[in-house]
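# Commentary on secondary and tertiary structure
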Amino acid sequence: MVRVLLPIVAGIAIGEWVGYPVNVWTPWIIAAVSLVVAALSYYVSNRSARTWLDSLTFLLAISMLFVAVGLILHHSAQPSTTLTQGHHCVTLQLRDNPQPTARSMRAAADLLQDYNGQPIVGRVMLYFDPRDPMARTLRAGDSLMLMARFQQPRDTNLSPTFNYATYLRRHSIALTAYVAEGTYSVIASHPTTLRHHSARVQQRLARQISSSHLSSEHQTTAAAMLLGLRDARLAEVRQQYNQAGIVHLLCVSGLHVSLIAAIATSLLRWMGNRRWQRIVKVLLQLAVVWLYAFITGFGPATVRAAVMFSLLIIGHFRGQQSDSLNALCIAALLTIFFQPMVIFDIGFQYSYAAMIGLLLFTPLLSLPRQRHRRTYRLRRRKTKKQQKIGQI
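To start, this report covers the structure provided alongside it. All residue numbers refer to position in the chain's written sequence, counted from 1. In keeping with the predicted nature of the model, local features appear solely for residues at pLDDT of at least 70, side-chain atom pairs appear and are counted solely at 80 or more, and the whole-chain, interface and lining totals rest on all residues. The side-chain numbers reported here are obtained from all heavy atoms of the structure, hydrogens and water having been left aside.

### Re the overall build of the chain
Within the chain, the regular secondary structure consists of 12 helices and 7 strands. Between two residues, a contact is recorded if the distance between any of their heavy atoms is within 4.5 Å. The long-range share in the chain, meaning contacts at least 24 apart out of those at least 6 apart in sequence, stands at 67%. Carbon together with sulfur atoms contributes 62% to the accessible area of the chain, which is approximately 24300 Å² in total. Helix and strand assignments come from DSSP, with helices taken as H or I runs of at least 4 residues and strands as E runs of at least 2, each series counted from the N terminus. Method for areas: the Shrake-Rupley scheme with a 1.4 Å probe, in which residue coverage is limited to the protein chains shown.

Next comes the structure, spelled out in structure tokens:
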């Protein structure tokens, strides 16, 4: 799977850094030519003795095919909209719950139709007034009719190393708009996607945490550690955890999924070894892990851990030993297929880089320990033999 993953990532990176070709059909042509070359190379190698040139040609053709797939995925993730800049009255549907920031509350939304009822497409980022009481009641899946001025994303110039316009473009945001109080109304509230339901469950659980008897700081920490939610009050807590060196606990990651999986495995240990019991056990374990991934919003690290755990459990059930590196590559491919631009997300990069490091270097670090155990066993056997000889 590594041979599939690397060319696809390379294709997305080429499309981002070099710029997408002017001709949209270019990657499709590259894919078609690569497929024909790979088929001819495979046919020729089967008709005669295979040479190193045939193998190299086949490998390069397949690699170019997957590079073209990466270019196609990059193009599909580019923001596009039929709405022009300026003041418009539109109907749209929120993709996420409004998240509080330092100066506003923001939420991504999908355009539905204009004032005349004509369908429009595209994704926009909305900014609400944090003092607007109605903005705090909005949820993912709500359909709004609003009047606002839409414009292209611009960089905030708050940091020399972070370009906000590029960040929005990589999240397929075509336009942004500030929504003032009283300029919008909720016309429907019907979640239509799994993302909407996940965000609503998150908001419902966050309200349960907020209504608890915990202090404000502890409520913010619990929402971040358990649900992966971000709050404007989290900055102070994050600074304290950063000074203690445990800031990673505030991010939902594979550690959380591993704990959930370990708890589920321990609770289901009482089940027997009959086939139907093993099947039920595996299904319950997968359900618990993916339910937690659903609650936390299917983050890159959560999806990676959930996919790897699923492959591990299924392989164990079938009596096969799963390859951790292949499982990691499959998790990355699934994430990239649905979100191609996620490879530029720092959380995605750190998560997979850490896992690759663990998979590659853990066996090397365990070699001295294995050698020490082997030497200890040999010395112990030698000592026992000497004692027996002495007794004789």
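### Comments concerning the packing of aromatic side chains
Note on aromatic pairs: each is described by the distance of the centres and the angle between the planes. Pairing of aromatic side chains here covers Phe, Tyr and the six-membered ring of Trp, requires ring centres within 6.5 Å, and sorts the geometry by plane angle: under 30 degrees stacked, over 60 edge-to-face, intermediate tilted. Counted under the stated rule, the structure contains 9 aromatic pairs. Between the aromatic rings of Phe162 and Tyr164, the centroid separation amounts to 6.4 Å while the plane-to-plane angle is 50°, which identifies the pairing as tilted. The exposure class assigned to Phe162 is partly exposed, which follows from its relative accessible area of 39%. For each residue, the accessible area found with a 1.4 Å probe, counting protein chains only, is set against the maximum for its type, and the residue is called buried under 20%, exposed over 50%, and partly exposed in between. Owing to a relative accessible area of 12%, Tyr164 belongs among the buried residues under this scheme. Ring geometry for Phe162 versus Tyr167: centroids 5.7 Å apart, planes at 50°, classification tilted. The exposure class assigned to Tyr167 is partly exposed, which follows from its relative accessible area of 27%. Chaining the aromatic ring pairs together yields one cluster made of Phe162, Tyr164 and Tyr167. Whether a charge lies above a ring is judged from NZ of Lys or CZ of Arg, which has to be within 6 Å of the ring centre and within 35 degrees of the ring normal. Over the ring of Phe344 we find Arg170, and its NZ or CZ is 4.3 Å from the ring centre.

### As for the environment of Ala31
Following the sequence through the fold, Ala31 ends up in helix H2 (residues 26-47). Given the relative accessible area of 13%, Ala31 is considered buried. Along the primary structure Ala31 and Ile72 are separated by 41 residues, whereas in three dimensions their C-alpha atoms are 9.7 Å apart. Contacts of Ala31, omitting those with residues within four sequence positions, involve Leu65 and Ala68.

### Looking at the pairing of strand S5 (residues 142-151)
A large share of S5 lies buried, amounting to 7 of its 10 residues. Whether two strands pair comes down to DSSP finding at least two bridges between them. Two elements, strand S1 (residues 86-94) and S5, share 8 bridges in a ladder whose sense is antiparallel. When the sheet's bridge partners are listed, Cys89 is paired in S5 with Met147. Two strands pair when backbone bridges link them, and S5 and strand S7 (residues 184-189) are joined in this way by 5 bridges, in the antiparallel orientation. Counted as the bridge partner of Leu144 is Val186 from S7.

### Points about a nonpolar patch on the surface
Every patch collects residues that have over 30% relative accessible area and no salt bridge, joining them within 9 Å if they carry like charges and within 5 Å if they are nonpolar side chains (Val, Leu, Ile, Met, Phe, Trp, Tyr). By convention in these notes, a salt bridge is any Lys or Arg side-chain nitrogen within 4 Å of a carboxyl oxygen on Asp or Glu. Judged by side-chain polarity, Val24, Trp25, Trp28, Ile29, Val33 and Val37 come together as a nonpolar surface patch covering roughly 600 Å² of accessible area. Here Val37 falls in the partly exposed class, since its relative accessible area comes to 32%.

### Quick notes on the nonpolar core
In terms of nonpolar packing, the biggest core is built from 23 residues, with Leu92, Leu126, Phe128, Leu146 and Phe150 touching the most fellow members. Contributing elements (two or more residues each) for this core: S1, strand S3 (105-114), strand S4 (123-128), S5 and strand S6 (175-179). Excluding residues that lie within four positions of it along the chain, Leu126 makes contacts with Leu92, Leu94, Met105, Arg106, Ala107, Ala109, Leu146, Phe150, Ala177 and Val179. Only buried Ala, Val, Leu, Ile, Met, Phe, Trp, Tyr and Cys residues count toward a nonpolar core, and they belong to the same one when joined by side-chain atoms within 4.5 Å. Counting residues in hydrophobic clusters, the runner-up holds 22 residues, among them Ala77, Cys329, Ala331 and Tyr352.

### A look at the side chain of Ser351
Looking at the secondary structure, you find Ser351 in helix H12 (residues 346-391). Judged by its relative accessible area of 10%, Ser351 falls in the buried class. Among all residues touching Ser351, those that are not within four sequence positions of it are Ala301 and Arg304.

### What about the side chain of Gln203?
Relative to the helices and strands, Gln203 resides in helix H5 (residues 194-210). The exposure class assigned to Gln203 is buried, which follows from its relative accessible area of 13%.

### Concerning helix H6 (residues 216-227)
Given the number of residues in a helix, its expected span is that number minus one, multiplied by 1.5 Å. Along its 12 residues, H6 runs 16 Å from first to last C-alpha, staying within 8% of the 16 Å computed at 1.5 Å per residue. All of the buried residues along H6 are Gln219, Thr220, Thr221, Ala222, Ala223, Ala224 and Leu227. Positioned one or two residues after H6, Gly228 has a phi angle of 75°, which is positive.

### Points about helix H11 (residues 324-338)
The end-to-end C-alpha distance of H11, which contains 15 residues, comes to 22 Å, matching closely the 21 Å that a straight helix rising 1.5 Å per residue would cover. Residues of H11 that are buried: Ala327, Leu328, Cys329, Ala331, Ala332, Leu333, Thr335 and Ile336.

### Some details on the packing of H2 against helix H3 (residues 52-76)
Only the stretch in contact is used when a helix axis is fitted, and all axes are lines through C-alpha atoms; the angle between N-to-C directions ranges over 0 to 180 degrees. Where H2 contacts H3, the axes come no closer than 8 Å and their chain directions differ by 160°. By the criterion of interaxial angle, the relationship of H2 to H3 is roughly antiparallel. Crossing of H2 over H3 shows left-handed handedness. In contact with Pro27, Trp28, Ile30, Ala31, Ser34, Leu35, Val37, Ala38, Ser41, Tyr42 and Ser45 of H2, H3 contributes Asp54, Thr57, Phe58, Ala61, Ile62, Met64, Leu65, Ala68, Leu71 and Ile72. Looking at the contact of H2 with H3, its residues break down into 16 nonpolar, 4 polar and 1 charged. Relative orientations are named as follows: roughly parallel for angles under 35 degrees, roughly antiparallel for angles over 145 degrees, roughly perpendicular for angles from 65 to 115 degrees, and oblique for any other angle. Take the far helix as your reference; a near helix turned counterclockwise from it by less than a right angle gives a left-handed crossing, and one turned clockwise gives a right-handed crossing. Polarity classes work like this: nonpolar for Ala, Val, Leu, Ile, Met, Phe, Trp, Tyr, Cys and Pro, charged for Asp, Glu, Lys and Arg, and polar for all others, with Gly in that last group.

### Some thoughts on the pattern of salt bridges
Tallied over the entire structure, the rule returns 7 salt bridges. A salt bridge links Arg169 to Glu16, with the nearest nitrogen and oxygen atoms 2.5 Å apart. Separated by 153 residues along the polypeptide, Arg169 in helix H4 (residues 164-169) and Glu16 in helix H1 (residues 2-17) bring together distant segments of the chain. Judged by relative accessible area, Glu16 falls into the buried class, the value being 11%. The partner of Asp96 in a salt bridge is Arg195, and the shortest N-O contact between them spans 2.9 Å. Pair noted here: Asp96 is in the loop between S1 and strand S2 (99-100) and Arg195 is in helix H5, with a separation of 99 residues, a long-range link. Here the salt bridges do not stand alone but share partners, grouping Glu16, Arg169 and Arg170 into one network.

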